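Take a look at the letters that make up each chain.
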Amino acid sequence: MHPAWCTTLTAFVGRRLLAVGLLALCFAAAARAAPSATATDPLQPQEWWLADIGADRATPPGPGVPITIVDSGVDPTHPEFAGRPNTTFFNDQTVLGREEYHGTIVASVAAAPANGAGIVGVYPTAALQVWDASSDPRGISNSSAIDGILAAASHCPGVINLSFGSATPDPSLQDAILTAVRNGCLVVAAAGNNGDAGNPPTYPASWPHVFTVAATDETDHVASFSTISQSVDLAAPGVDIVGAVPLSRDPTGYTSTLVAGTSFSSPIAVAAAAWVWTMRPALSAAQIAELLRKSARDIMSPGFDPASGWGILDIPAALAAPTPARDPSEPNDNIAQVKPGVLFQTGQAPLTTPAKPAIRTAGSVDVEEDPRDLYRIWVPANKVVRVAVSAGGRAAARIWGPQTVSVTEGIAARRRDLRGTSVKGGKKGFSAYVEVLLTGRAASADYVLNLTAAKR
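Residues numbered from 1 in each chain as written. Predicted model: local features only at pLDDT ≥ 70, side-chain atom pairs only at ≥ 80, totals over all residues. Heavy atoms only, no water.

Here we look at the sheet that holds strand 19 (residues 430-438)
Overall, antiparallel pairing links the four strands, which are arranged 14-19-16-17 in an open sheet. A strand with exactly one partner marks an edge of an open sheet, and here the two such strands are strand 14 (372-379) and strand 17 (418-420). Strand-to-strand twist of the sheet, defined as the mean angle between neighbouring strand axes without regard to direction, takes the value 35 degrees. As defined by bridge partners, strand 14 adjoins strand 19 across eight bridges and the pair is classed as antiparallel. The residue bridging Tyr375 from the neighbouring strand is Val434, located in strand 19. (Pairing = 2+ DSSP bridges. Helix = DSSP H or I, 4+ residues; strand = E, 2+ residues; numbered from the N terminus. Axes fitted to C-alpha atoms, helices over the stretch in contact; angles between N-to-C directions.)

Considerations on the nonpolar core
Counting 58 residues, the largest nonpolar core has Ile67, Val122, Val159, Leu186, Ile288 and Leu313 as its most contacted members. When residues of this core are assigned to their parent elements, the largest contribution, 11 residues, is made by helix 5 (residues 262-279). Setting aside anything within four residues of it in sequence, one finds Val122 in contact with Trp49, Leu50, Ile53, Val109, Ala110, Ile268, Ala271, Ala272, Trp275 and Ile315. (Core = buried A, V, L, I, M, F, W, Y, C linked by side-chain atoms within 4.5 Å. Buried < 20%, exposed > 50% of the residue type's maximum accessible area, 1.4 Å probe, protein only. Contact = heavy atoms within 4.5 Å.)

Remarks on helix 3 (residues 142-153)
Taking 1.5 Å of rise per residue, 12 residues should cover 16 Å, and helix 3 covers 16 Å from first to last C-alpha, within 8% of that figure. With nine of 12 residues buried, helix 3 lies mostly within the body of the structure. Those residues of helix 3 not exposed but buried are Asn142, Ser144, Ala145, Ile146, Gly148, Ile149, Ala151, Ala152 and Ala153. (Expected span 1.5 Å × (residues − 1).)

Observations regarding the environment of Ser135
Locating Ser135 in the fold gives a position in the loop between strand 6 (128-132) and helix 3. On the basis of relative accessible area, Ser135 is assigned to the exposed category, the value being 55%. Residues Ser135 and Arg360, spaced 225 residues apart in sequence, show a C-alpha to C-alpha distance of 50 Å.

Quick word on the sheet that holds strand 13 (residues 359-366)
Read from one edge to the other, the open sheet built from four strands follows the order 13-20-15-18, with strand pairing classed as antiparallel. Of all strands in the sheet, those bounded by a partner on one side alone are strand 13 and strand 18 (422-424). Across the sheet, the mean angle from the axis of one strand to that of its neighbour is 20 degrees, orientation sign disregarded. Pairing of strand 15 (residues 384-390) with strand 20 (residues 444-454) involves seven bridges; the strand directions are antiparallel. Paired with Ser390 across the bridge in strand 20 is Val448.

Some details on the packing of helix 3 against helix 4 (residues 171-182)
In the contact formed by helix 3 and helix 4, the axes pass within 8 Å of each other and the chain directions differ by 10 degrees. Between helix 3 and helix 4, the interaxial angle falls into the category roughly parallel. Between helix 3 and helix 4, the contacting residues are Ala145, Ile146, Ile149, Leu150 and Ala153 on the first element and Ser172, Leu173, Ala176, Ile177, Thr179 and Ala180 on the second. Here the contact of helix 3 with helix 4 is composed, by residue class, of nine nonpolar, two polar and no charged. (Parallel < 35°, antiparallel > 145°, perpendicular 65-115°, else oblique. Nonpolar A, V, L, I, M, F, W, Y, C, P; charged D, E, K, R; others polar.)

Quick notes on the pattern of salt bridges
Oppositely charged side chains may form a pair once their charged atoms are brought near each other. Summed over all chains, the structure comprises 11 salt bridges. Note that Arg57 and Asp314 form a salt bridge whose closest N and O atoms lie 3.9 Å from each other. Of this pair, Arg57 sits in the loop between helix 1 (48-52) and strand 4 (67-71) while Asp314 sits in the loop between helix 6 (285-295) and helix 7 (315-320), placing them 257 residues apart in sequence. A relative accessible area of 53% places Arg57 in the exposed class. Two residues, Arg372 and Glu435, come together in a salt bridge whose shortest N-O distance is 3.0 Å. With Arg372 in strand 14 and Glu435 in strand 19, this residue pair connects regions lying 63 residues apart in the sequence. (Salt bridge = Lys/Arg side-chain N within 4 Å of Asp/Glu carboxyl O.)

A short note on the pairing of strand 20
Look at any regular strand and the pattern is simple: side chains alternate between the two faces of the sheet. Summarising the sheet, strand 13 and strand 20 pair through eight bridges and their orientation is antiparallel. Among the inter-strand pairings, Val365 is bridged to a residue of strand 20, identified as Ala445.

Focus on unusual backbone geometry
With omega at 20 degrees, the peptide bond leading from Tyr203 into Pro204 counts as cis. Following the sequence through the fold, Pro204 ends up in the loop between strand 9 (186-190) and strand 10 (211-216). For the bond running from Glu330 to Pro331, omega is -5 degrees, close enough to zero to count as cis. Counting through the fold element by element, Pro331 comes out in the loop between helix 7 and helix 8 (335-338). Although it is not a glycine, Asp240 adopts a positive phi angle of roughly 55 degrees. Of note, Asp240 is situated in the loop between strand 11 (232-237) and strand 12 (259-260). Taking the relative accessible area as the measure of exposure, Asp240 reaches 3% and is therefore buried. Phi angles above zero are rare outside glycine, and Ser329 is one such case at about 70 degrees. Along the chain, Ser329 falls in the loop between helix 7 and helix 8. Exposure remark for Ser329: the relative accessible area of 32% places this residue in the partly exposed category.

Here's what the structure looks like:
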């Protein structure tokens with residue numbers, strides 16, 4: 001059993017309380033040490049997770065793809081962070097509030113340096129960026145978390161850690177995450193700690209394009225508190241964790257008891273992702289995510305399961321795994337993400353143009369990670385555009401007209417906008433949209449999309 005360790009962090013806009021609480025995803029655990037490889041820092045013998053994910057079987061690179069921690073403040077005077085090379089505090093850090101120690105633990109688990117003090121992070125030489133999303137004493141706020149994600153999004157490529165969650169989705173928070181994804185960042189979130197409470201959906205972990213991390217223990221079992229969900233990508237250690245805390249909370253600078261929660265599994269995965277990406281810089285964020293999934297160490301039923309995802313994080317396997325196929329143009333799940341001037345000023349470039357009215361392109365869809373792909377196309381005057389998709393029956397394609405606002409619009413608008421597999425241009429050409437979606441025969445599909453334009 002893990003008694004409650006972190007209280008609810010209230011979500012608010014300015015000073016106005018919302019009905020939704022942001023939960024710090026962490027718990028207290030009984031103190032217990034575990035063996036590790038030869039220690040360089042005093043508490044490293046307790047860091048059992050380093051060997052569990054293979055961090056002791058590979059040498060971390062120097063600073064490269066940055067890690068951004070969006071959380072409560074990180075103590076800049078702590079020995080793990082004072083004078084730490086390649087460390088950027090994006091805003092002022094506050095660590096005096098009752099719950100404002102969470103971010104210091106999270107940052108230390110990911111990237112505490114090998115400096116002879118305390119612990120060593122998974123990626124100790126990482127470029128570390130920190131945003132304090134708890135500038136109000138009541139805790140992490142939606143508005144400040146959004147600001148932190150957008151600050152990180154201006155420094156992509158990078159890996160962003162979100163060790164918080166809410167039972168109610170915030171569209172503005174989702175838009176900020178999609179902006180980071182669009183800019184080339186990988187966004188990672190803790191799965192949640194509601195495995196003993198019915199596994200309700202947790203956001204941002206349950207959104208598409210978010211890499212979701214569950215928690216495991218020293219025996220490679222999924223922790224009982226770890227939320228079970230189809231959105232889980234993989235698992236990482238999240239039980240019996242030691243980490244740094246603000247000096248104002250504990251003069252020793254470290255947790256007095258070991259802690260547990262998906263809050264700490266997430267930064268372990270974030271550090272690993274940044275490490276692998278630094279070593280394989282030609283890959284995209286989506287390719288790094290797929291690399292981590294497919295190289296994970298399976299621990300339950302073969303393949304994917306909703307408790308551990310694809311298995312436990314394995315750094316050496318990810319470093320050596322084959323390069324996954326590239327899935328371009330993400331995010332492109334709906335009109336707002338591809339039409340210029342809606343969510344993104346430039347939208348997505350159209351697949352076809354007056355000069356190039358036909359195309360053949362490849363992509364992939366997944367029921368949780370990437371439920372549909374939507375593309376802008378050009379329909380030439382007086383020509384018929386036809387769409388076909390090759391995916392072994394696992395995916396289909398259809399065309400939406402130029403007035404479409406959303407592919408989830410109501411029946412009346414759908415009757416006007418949905419055109420099927422072909423559309424005819426009028427006296428003038430116009431823009432339209434092609435949607436690729438799963439047929440229900442499988443949870444994911446790789447596809448080849450063919451667009452043609454002819455007089456009839």
